[in-house]
Amino acid sequence: MIKSILVILASAAIVNNFVFKQVLGICPFLGVSNRVETSLGMGAAVTFVMAMASAVTSAIQECILIEFGLEYMQTIMFILVIATLVQLVEMFIKKSSPTLYKGLGVFLPLITTNCAVLGVALLNIRSEYTLFESVFSGIGAALGFTLALVLLAGIRERLDECELPKAFEGLPIALISAGILALAFSGFQGIF
Amino acid sequence: MTEAIISLGSLGLIFGVLLTLASMAFSVEADPKEEMVLDALPGANCGACGYPGCSAYAAAVASGEAGIDKCPVGGPKLAAQIGAIMGREVKDQAKVTATVRCRGDNTVAKNRYDYEGIQTCSAANVVAHGFKGCSYGCLGLGDCVDVCEFDAIHINDKGIAIVNEENCVGCRKCVTACPRDIIHMDPGKEFVHVLCNSNERGAGVRKVCAEGCIGCGICERNCPTDAIKVIDNLAVIDYDKCINCGLCAKKCPMNTISIG
């Protein structure tokens, strides 16, 4: 039991890392990876949304969609769930940490359209995870997303101090770094 | 079909109620003044006020941390508007605009060689310190023109940059773009300006430019308020002391100092 949970966590976080392996959630990955602090905040927000979304969508799939034969409603139902959760997170962060709220900016409401969140919900269903397993797969995926974000943010913070050729400043060097990181992550392939 | 409508509708209702409750629990009191200030600001997010964008400046104004006249885009009109919102007095302030501290157009300044490379000042500046005889003078290839978003700076037909003060909002983009640091933020055209940036000794200036500052010190001796000083072979005006009498401009043997 514990072993299978660990496998789900590690496979979602590292082996099938959402950013580096499945290329999902690239928009916030590049948008909020300027500072380690904000990327940790973004990671925490996404972790909450993904874990909750995994649980709720899994329950909806079991209790409503399959029960009434409404599988074709999957996408719209899941997006409704995700949008609600993102709104909750946004209100919470605005109240608890205005600095983080400013740091995340437009990328906070954009978690709604972060394809990694909808992706994890749909992949849970496709992998036929139970509700419990879904939650851990969601947490794993979010941890992997946070890991990717923090790694890139760390690199970008250091790059800020470096003298770069003008053509590489900003996004170009970030994209190159992200590509090299993704290459490194492909080394985890086939562990499980 | 019916199940679909009912299930989606009821889910939406449940989530809606949840969100309403949550928004009551997590409500944040926004400062209404901050929003009013933000509405009044031009929204260019140029950062000339020293804050990262209009909303940050609005927040700083609302909290009383920033002055109400920091937005150069809106100018004194906007300062009055914000003053009305915040209930604060506006101090009358001279408009600060970009000034190109060089008079060496191609009728008065000599070139050392013909430059046919990449047509930007920063590129020309690294080729043997530029093609101009004066290594401080305006190259006139328009790096400042390219960055100006307000159509306020142009290269005139004699090949140096000229600021149109009516359009200039004082955002300082040209100041940073100029590779030779010729552009400075100074009070407007009605004030006297030393239109030279050269720290060369007098003889060296005379060789390459007919209107450059030779550091003779005549202006310094004639200034009634000690506002103009020759520092490092170049006359510099302290606008806090300057009464704009125009004596320095009249006495300048090189016609370097402009007036009105």
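Criteria and thresholds
Residues numbered from 1 in each chain as written. Chains lettered and ligands numbered in written order. Predicted model: local features only at pLDDT ≥ 70, side-chain atom pairs only at ≥ 80, totals over all residues. Heavy atoms only, no water. Helix = DSSP H or I, 4+ residues; strand = E, 2+ residues; numbered from the N terminus. Buried < 20%, exposed > 50% of the residue type's maximum accessible area, 1.4 Å probe, protein only. Contact = heavy atoms within 4.5 Å. Areas by Shrake-Rupley, 256 points an atom, 1.4 Å probe, with all protein chains shown as cover. Pairing = 2+ DSSP bridges. Buried area = accessible area lost by both parts, 1.4 Å probe. Salt bridge = Lys/Arg side-chain N within 4 Å of Asp/Glu carboxyl O. Polar contact = N/O pair within 3.5 Å; in protein donor to acceptor, adjacent residues only side chain to side chain. Nonpolar A, V, L, I, M, F, W, Y, C, P; charged D, E, K, R; others polar. Patch = residues over 30% accessible without salt bridge, like charges linked within 9 Å, V, L, I, M, F, W, Y side chains within 5 Å. Axes fitted to C-alpha atoms, helices over the stretch in contact; angles between N-to-C directions. Parallel < 35°, antiparallel > 145°, perpendicular 65-115°, else oblique. Left-handed = near helix turned anticlockwise from the far one by under 90°. Lys, Arg positive; Asp, Glu negative; His and termini not counted.

Caption draft 1: Quick peek at the overall build of chain A. From N to C terminus, chain A includes 8 helices and 0 strands. The N-to-C order of helical and strand elements in chain A reads α-α-α-α-α-α-α-α. Across the 192 residues in chain A, those meeting the buried criterion constitute 44%. If you take every contact in chain A between residues at least 6 apart in sequence, the share linking residues at least 24 apart comes to 77%. For chain A, the computed accessible surface area is about 9,600 Å², with 68% contributed by carbon and sulfur atoms.

Caption draft 2: Expanded view of the pairing of strand 6 (residues 228-231) of chain B. Residue and element names in this part refer to chain B. Judged from the 4 bridges that link them, strand 6 and strand 7 (residues 234-237) form a sheet pairing that is antiparallel. Bridge pairing links Val230 to Ala235 in strand 7. Hairpin connection of strand 6 to strand 7: 2 residues between the antiparallel strands, including Asp232 at a positive phi of 55°.

Caption draft 3: Spotlight on the interface of chain B and chain A. Listed as interface residues are 15 residues of chain B and, on the opposing side, 18 residues of chain A. In total, about 1,400 Å² of surface goes out of reach between chain B and chain A, with carbon and sulfur atoms giving 87% of it. For the chain B face of the interface with chain A, the top three residues by lost area are Phe15(B), Leu19(B) and Phe26(B), together amounting to 36%. Taken together, the connections running from chain B to chain A amount to 0 salt bridges. Counting every contact that joins chain B to chain A gives 0 residue pairs in polar contact (both at pLDDT 80 or more). In terms of residue class, the side of chain B that touches chain A is made up of 10 nonpolar, 4 polar and 1 charged.

Caption draft 4: Representation of a nonpolar patch on the surface in the model. A contiguous nonpolar patch, built from Ile14(A), Leu147(A), Leu151(A), Phe188(A) and Ile191(A) and spanning about 370 Å² of accessible area, is present on the exposed surface. Tracing the backbone through its elements, the reader meets Phe188(A) in the segment after helix 8 (171-185).

Caption draft 5: The packing of helix 4 (residues 74-96) of chain A against helix 6 (residues 115-126) of chain A, seen in detail. Residue and element names in this part refer to chain A. Look at helix 4 against helix 6: their axes get within 10 Å of each other, and the N-to-C directions meet at 130°. The orientation of helix 4 relative to helix 6 falls into the category oblique. Along this stretch, helix 4 crosses helix 6, giving a crossing that reads as right-handed. Across the interface between the two elements, Gln74, Thr75, Phe78, Ile79 and Ile82 of helix 4 pack against Val117, Leu118, Ala121, Leu122 and Ile125 of helix 6. Partitioned by chemical class, the residues of the contact of helix 4 with helix 6 number 8 nonpolar, 2 polar and no charged.

Caption draft 6: Broad picture of the pattern of salt bridges. What the rule picks out here adds up to 5 salt bridges over all chains. A salt bridge links Asp160(A) to Arg35(A); its shortest N-O distance comes to 3.4 Å. In this pair, Asp160(A) sits in helix 7 (residues 131-161) while Arg35(A) sits in the loop between helix 2 (26-31) and helix 3 (36-68), placing the two residues 125 residues apart along the sequence. Across the pair Arg101(B) and Asp186(B) runs a salt bridge whose closest N-O atoms are separated by 3.2 Å. Placement of the pair is Arg101(B) in the loop between strand 1 (96-100) and helix 5 (121-126) and Asp186(B) in strand 4 (residues 183-187), with a sequence separation of 85 residues. Using a relative accessible area of 5% as the deciding quantity, one classes Asp186(B) as buried. When salt bridges with common partners are traced through the structure, they connect Arg35(A), Glu157(A) and Asp160(A) into a single cluster.

Caption draft 7: Quick look at the side chain of Asp105(B). Residues and elements named next belong to chain B. Summarising the element assignment, Asp105 is placed in the loop between strand 1 and helix 5. Buried within the structure, Asp105 lacks any salt-bridge partner; its nearest side chain of opposite charge belongs to Lys158, at an N-O separation of 4.5 Å. Apart from the residues within four sequence positions on either side, Asp105 is in contact with Lys158 and Ile160.

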